[in-house]
Amino acid sequence: MFPRPKLQKQVVITQTQEDYLHTILRHVRGYLVVLDVEGVIIDVIETWLPITAIPKEKQIGVPLWQVGWWDGLPREQEQIKGEIARAAKGHSIRGSTRYHTVEGEERCNSYIFNPIIDEQGMVTQIVHQAFDITEHKRKEEELRHIFEMSLDIISVIDMEGRYIQVNPAFEKLLGYKPEDVIGRDSLDYVHPDDIKIKRTEIKRLRCGEAIHAAENRYRTKDGTYRWIAWSARPNLDEGVIYIVARNIDEQKAQEQLRDTFLSMASHELRTPLTGISTSLQMMRKRLKLLTPEEPEKLIETTDRLQKNLERAEQQVTAECRIINDIVDANRIARGQLAINPLPLDLICIVRQVIGDAQITNPERCFELTFPAEPYIPVIVDAMRISQVLDNILANAIKYSPDDQPVKINVEVNAKHVKVAVHDEGPGLTPEEQKRIWERFYQVPGRRIQGGPGGSMGLGLGLYICQTIISLHSGEIGVKSEPGQGSTFYFILPLNQM
Ligand code: ADP
């Protein structure tokens, strides 16, 4: 058995080895020629197989750079000439170049020039081998475009977790330029609470395992943290790990909102139920104590039962309001909140809502101011407009002290009617005035001051009111100053038919 010749290294060949090499090389795909030290082709062992070749006889005796592969490419011809000159000095050369096929198509190859050195140490011939790498290059180029254009982060780290390469999205999302991070440990950017788990994940990757949709917080250049979801796949042969990652702050905020909402909703839904249950228990106890022998107690007990019933009714109303708010907010989110407008009198609607509020809050003082007109024609969905006024009124009752009046003012001009509700509550800062219309927003630390008590709400009421009023082509707003109370109002177009 002959020792295996290493083609990429300088080799000294004996006669028998040369025969052996020829046999092997005839099975090599690609372009394989033997040159003299001047670069003239003296033997063509194999020619391009995948593409149209230049006939062997047109190659023998011609300097390699003049064969035709580099016709019209003078720079490449110079390059090949230079490589041959270096190989003739005994160096083994690798490189790549453009070339032309006989049809004139431009392609790419990767080549080697290996000098053959005789026993005296002289270069006698040069073996030139080339492979077409056009498709490979094209794929590489495509991948480079994807890498550059990707909105997601693409990075390559070594097995120790150090960055080797990052794409432009990395800088866009985290603020670091490639030179800031290349060579640095990727763990340096991970939130301290996530390091332990990230370390375990890198260990798993090092063992060849792929990781799908892991989540960590990463520190950005300005010191804030962003949530990143990432997937990674190791290439153990190359000693690298490919990572694709994207920012999921939005999703995390939604999850947080959902969790807060669920815990608030369950709390808010439980509060009226607890009230109803207490009222029922008390009623049962009172009925149990009632005996025919003490008829004088009957009037007193009936009175108390009446109060328990009223309380339970208020709680049922509160419960229904929360459930309706959740259903409506859901409809709005799906774009499915619809109204059913009819020609109606707004004074009638306002009186009805205030009447109901007075029944549930018998002690509360409501001051009403109506215009002289006996009738205010509007085209509205009575149920939805009642809901808006009811919500604004309920807030005024809830957020202002019981001993303060709630003032309702209805004004009309040639085209519009304005309904305003003023309370003597804590008022709102300009920032709060902007945010109260957002879904789930509640002014931090705001306490219930008046009304029958119970539910805090879910921060959905005004969000729903805003949608309802805009569906009526109206306007809703607030005028307020901290410590000066608030005036919530809505304006609707008059029915001028
Ligand atoms: P909620 O059900 O929490 O009352 P709303 O959407 O009706 O939800 O109101 C949003 C927030 O706006 C309330 O949580 C409260 O902090 C604030 N707010 C609403 N009305 C008033 C008011 N009249 N006075 C002071 N703050 C108010």
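Residues numbered from 1 in each chain as written. Predicted model: local features only at pLDDT ≥ 70, side-chain atom pairs only at ≥ 80, totals over all residues. Heavy atoms only, no water.

K.L.:
I tried to follow the pattern of salt bridges on my own but got confused; where do I start?
P.N.:
As a working rule, side chains carrying opposite charge can pair if their charged atoms are close by. Using the criterion set out here, one finds 25 salt bridges in the structure. As a salt-bridge pair, Asp-132 and Arg-107 come within 3.0 Å of each other at their nearest N and O atoms. Of this pair, Asp-132 sits in strand β5 (residues 123-132) while Arg-107 sits in strand β4 (residues 106-117), and the two are 25 residues apart along the sequence. Overall, Arg-107 belongs to the buried group, its relative accessible area being 11%. We note a salt bridge from Arg-364 to Asp-402, for which the minimum N-O separation is 3.1 Å. Of this pair, Arg-364 sits in the loop between α9 (346-360) and β12 (366-369) while Asp-402 sits in the loop between α10 (382-399) and β14 (406-412), and the two are 38 residues apart along the sequence. Among the charged side chains, a network of salt bridges with common partners joins Glu-76, Arg-98 and Glu-106. (Salt bridge = Lys/Arg side-chain N within 4 Å of Asp/Glu carboxyl O. Helix = DSSP H or I, 4+ residues; strand = E, 2+ residues; numbered from the N terminus. Buried < 20%, exposed > 50% of the residue type's maximum accessible area, 1.4 Å probe, protein only.)

K.L.:
Honestly, the sheet that holds strand β1 (residues 31-35) in this entry has me stumped. Any pointers?
P.N.:
Two strands in a sheet stick together by hydrogen bonds in their backbones, pointing the same way (parallel) or opposite ways (antiparallel). In space, the five strands of this open sheet follow the order β2-β1-β5-β4-β3, with antiparallel pairing throughout. Sheet topology places β2 (41-46) and β3 (93-100) at the edges, where each strand pairs with a single neighbour. Between one strand and the next, the sheet's axes are offset by a mean angle of 25 degrees, whatever the strand orientation. Relative to β5, β1 runs antiparallel, the two sharing five bridges. If you follow Val-34 over to β5, its bridge partner there is Val-127. (Pairing = 2+ DSSP bridges. Axes fitted to C-alpha atoms, helices over the stretch in contact; angles between N-to-C directions.)

K.L.:
When you look at the site of the ligand in this model, what are you seeing that I'm missing?
P.N.:
Looking at the ligand, there are 20 residues lining it, with Asn-395, Tyr-399, Asp-423, Gln-442 and Leu-462 nearest. Asn-395 places a polar side-chain atom, nitrogen or oxygen, 2.8 Å from an oxygen atom of the ligand. Residue Leu-462 places a main-chain N or O atom 2.7 Å away from an oxygen atom belonging to the ligand. Its free accessible area being 530 Å², the ligand has 98% of it covered by the protein chains. When residues of the shell around the ligand are traced back to their parent elements, those giving at least two are α10, α12 (461-471) and β17 (486-493). If you tally residues by element for the shell around the ligand, the top one is α10, at four residues. Here the shell around the ligand is built from residues that sort into ten nonpolar, seven polar and three charged. (Near = heavy atom within 4 Å. Polar contact = N/O pair within 3.5 Å; in protein donor to acceptor, adjacent residues only side chain to side chain. Areas by Shrake-Rupley, 256 points an atom, 1.4 Å probe, with all protein chains shown as cover. Nonpolar A, V, L, I, M, F, W, Y, C, P; charged D, E, K, R; others polar.)

K.L.:
Looking at this structure, how should I read the sheet that holds strand β7 (residues 163-166)?
P.N.:
On the basis of which strands lie adjacent, the open sheet formed by five strands has the order β7-β6-β10-β9-β8 and antiparallel pairing. Either end of the sheet is taken by a strand with one partner, and the two such strands are β7 and β8 (211-219). In this sheet, adjacent strand axes meet at a mean angle of 30 degrees when their direction is disregarded. Pairing of strand β9 (residues 225-235) with strand β10 (residues 240-247) involves eight bridges; the strand directions are antiparallel. Across the sheet, Ile-228 pairs through a bridge with Asn-247, a residue of β10.

Geometry only, nothing functional implied.
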